Amino acid sequence: MSGRLSGKRALVTGAAKGLGAEIARTFVREGCRVMLTDIDTANGEALAASLGDAASFLALDVGNRAAWAEAIAATEAAFGGLDILVNNAGIMEPGDIETVSEDLHARTMRVHVDGTLWGCQVALPLMVKSGGGSIINMASVASLRGAGHVVSYCTAKGAIESMTRAISDHCKLKANGVRANTLHPAGMVTPMVADFFDSLGLDGAIDDPALGSPAEVAAAALFLASEDSRFMSGQRVVIDNGIMHMPGMLLPSA
């Protein structure tokens with residue numbers, strides 16, 4: 001452990017498994033206190049317990065603004081402030097432009113777009129009060145290159161990138177010390193991606209060597225959370241092993 005986040009306080013959504021869980025583990029190893037949040041209470045509580053006193057867990061439905069207010073208040077009570085916000089919670093279900101349903105589209109927008117927007121809005125005053133910090137919003141290479149089989153997912157991730165730039169611009173104009181950036185992973189070995197492949201009948205696809213490790217995304221999140229990125233805001237960080245420059249179908253991230 002190098003202690004790159006020593007003394008920092010973070011809240012990570014979608015932290016019960018997958019990318020969020022790996023980000024939480026990495027942050028704790030680097031000296032950060034982390035509030036893990038998720039709707040998956042069992043796995044979230046188990047992970048928090050395994051991380052020791054530096055981690056706590058809260059159940060959080062990110063699409064509910066009132067629930068966000070309660071989560072931020074609880075984080076302030078537990079940690080005394082907030083320096084890092086990671087909006088990672090997400091869902092991914094198949095649906096192209098001809099087949100996507102109103103329900104799937106609305107559900108995807110609620111989790112990804114509403115969840116990220118309300119999280120940033122509610123957390124921002126505490127981050128400013130704490131002296132500034134880093135907002136890290138999870139986007140995807142799917143928003144940059146497109147993936148026809150998940151049109152709502154692509155739409156949501158594109159909205160998150162635009163939203164993050166607007167937040168970055170706002171914080172710069174306010175000179176409040178908060179920076180905001182997006183992460184854009186390609187396909188990663190996570191439970192969400194495995195479930196997605198299963199829903200398409202792609203048995204064994206999760207073992208494809210083209211998929212990356214959540215540790216690669218956590219390392220990029222650590223950079224954005226740390227003071228190493230203090231002069232970066234409104235930027236996209238792509239973690240794709242060059243897939244953006246290759247032909248063929250994208251493997252969406254989790």
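What counts, and at which threshold
- Residues numbered from 1 in each chain as written.
- Predicted model: local features only at pLDDT ≥ 70, side-chain atom pairs only at ≥ 80, totals over all residues.
- Heavy atoms only, no water.
- Helix = DSSP H or I, 4+ residues; strand = E, 2+ residues; numbered from the N terminus.
- Buried < 20%, exposed > 50% of the residue type's maximum accessible area, 1.4 Å probe, protein only.
- Contact = heavy atoms within 4.5 Å.
- Areas by Shrake-Rupley, 256 points an atom, 1.4 Å probe, with all protein chains shown as cover.
- pLDDT = per-residue confidence, 0-100.
- Core = buried A, V, L, I, M, F, W, Y, C linked by side-chain atoms within 4.5 Å.
- Salt bridge = Lys/Arg side-chain N within 4 Å of Asp/Glu carboxyl O.
- Lys, Arg positive; Asp, Glu negative; His and termini not counted.
- Pairing = 2+ DSSP bridges.
- Right-handed = clockwise from strand over helix to strand, strands pointing away.
- Axes fitted to C-alpha atoms, helices over the stretch in contact; angles between N-to-C directions.
- Expected span 1.5 Å × (residues − 1).

Before going further, it helps to spend a moment on the overall build of the chain. Check the secondary structure of the chain and you find eight helices and seven strands. Out of the 254 residues belonging to the chain, those deemed buried represent 53%. Restricting to contacts in the chain with at least 6 residues of sequence separation, those with at least 24 account for 71%. With the model as given, the accessible surface of the chain reaches about 10900 Å², and the carbon-plus-sulfur share is 54%.

What follows covers the confidence of the model for the chain. It should be kept in mind that the predicted coordinates are not to be read in detail where pLDDT is low. Scored by pLDDT, the chain comes out at a mean of 91, with 86% of its residues at no less than 70. Contacts of residues 249-254 to residues separated by more than four positions or lying in other chains number 38 contacts, the stretch itself having pLDDT below 50.

Soluble globular proteins tend to bury their nonpolar side chains together. The biggest cluster of nonpolar side chains holds 32 residues, and the ones touching the most others in it are I23, F27, V34, L36, I84 and L183. Considering each element in turn, this core owes the most residues, seven residues, to helix 8 (residues 214-225). Excluding residues that lie within four positions of it along the chain, F27 makes contacts with L5, A10, V12, C32, V34, I84, V86, A221, L222 and A225. Grouped together as the second largest cluster of nonpolar side chains are 28 residues, L60, W68, I72 and V111 included.

Its place among the elements puts E22 in helix 1 (residues 18-29). Given a relative accessible area of 17%, E22 falls into the buried group. Those residues within four positions of E22 in sequence are excluded, and the remaining contacts are R29, P214, A215 and A218.

Turning next to the pattern of salt bridges. Counted according to the given criterion, the structure contains eleven salt bridges. Put simply, D61 and R110 hold a salt bridge, and the shortest N to O gap is 2.9 Å. Here D61 is found in the loop between strand 3 (55-59) and helix 3 (65-79), whereas its partner R110 is found in helix 4 (residues 102-129), with 49 residues between them in sequence. On the basis of relative accessible area, D61 is assigned to the partly exposed category, the value being 30%.

This brings us to the side chain of K157. Relative to the assigned elements, K157 resides in helix 6 (residues 151-174). Here K157 sits buried without a salt bridge, and the closest side chain of opposite charge, E161, lies 11 Å off (N-O distance). Sequence-distant contacts of K157, defined by excluding residues within four places in its chain, comprise H112, M138, A139, S140 and S143.

In this fold, A180 is placed in strand 6 (residues 178-185). By relative accessible area, A180 is classed as buried at 0%. When the C-alpha atoms of A180 and M163 are compared, they prove to be 9.7 Å apart, with 17 residues separating the residues in sequence.

A few words now on the pairing of strand 4 (residues 84-87). Burial of strand 4 is two-sided: the residues I84 and V86 facing one way and the residues L85 and N87 facing the other way are all buried. Note: strand 1 (residues 9-12) against strand 4, three bridges, orientation parallel. Within strand 4, the residue paired with A10 across the bridge is I84. Here strand 4 runs beside strand 5 (residues 133-138); their pairing, made up of four bridges, is parallel. Within strand 5, the position partnered with N87 by the bridge is N137. A crossover links strand 4 with its parallel partner strand 5, the connecting element being helix 4, and its sense is right-handed.

With that out of the way, let us pick up the sheet that holds strand 5. Across the sheet, seven strands lie side by side as 3-2-1-4-5-6-7; this open sheet has parallel pairing. On the outer flanks of this sheet lie strand 3 and strand 7 (236-239), each paired with one strand and no other. The mean angle between the axes of side-by-side strands here comes to 20 degrees, regardless of whether they run parallel or antiparallel. Lying over the sheet, helix 4 contacts strand 4, strand 5 and strand 6, oriented at roughly 175 degrees with respect to strand 4. Strands in contact with helix 8 are strand 4, strand 5, strand 6 and strand 7; relative to strand 6, the strand with the most contacts, it is inclined by about 165 degrees.

Another aspect to go through is helix 1. An ideal rise of 1.5 Å per residue puts 16 Å on twelve residues; helix 1 measures up with 17 Å between its terminal C-alpha atoms. The complete set of buried residues in helix 1 reads G18, L19, G20, A21, E22, I23, A24, T26, F27 and V28.

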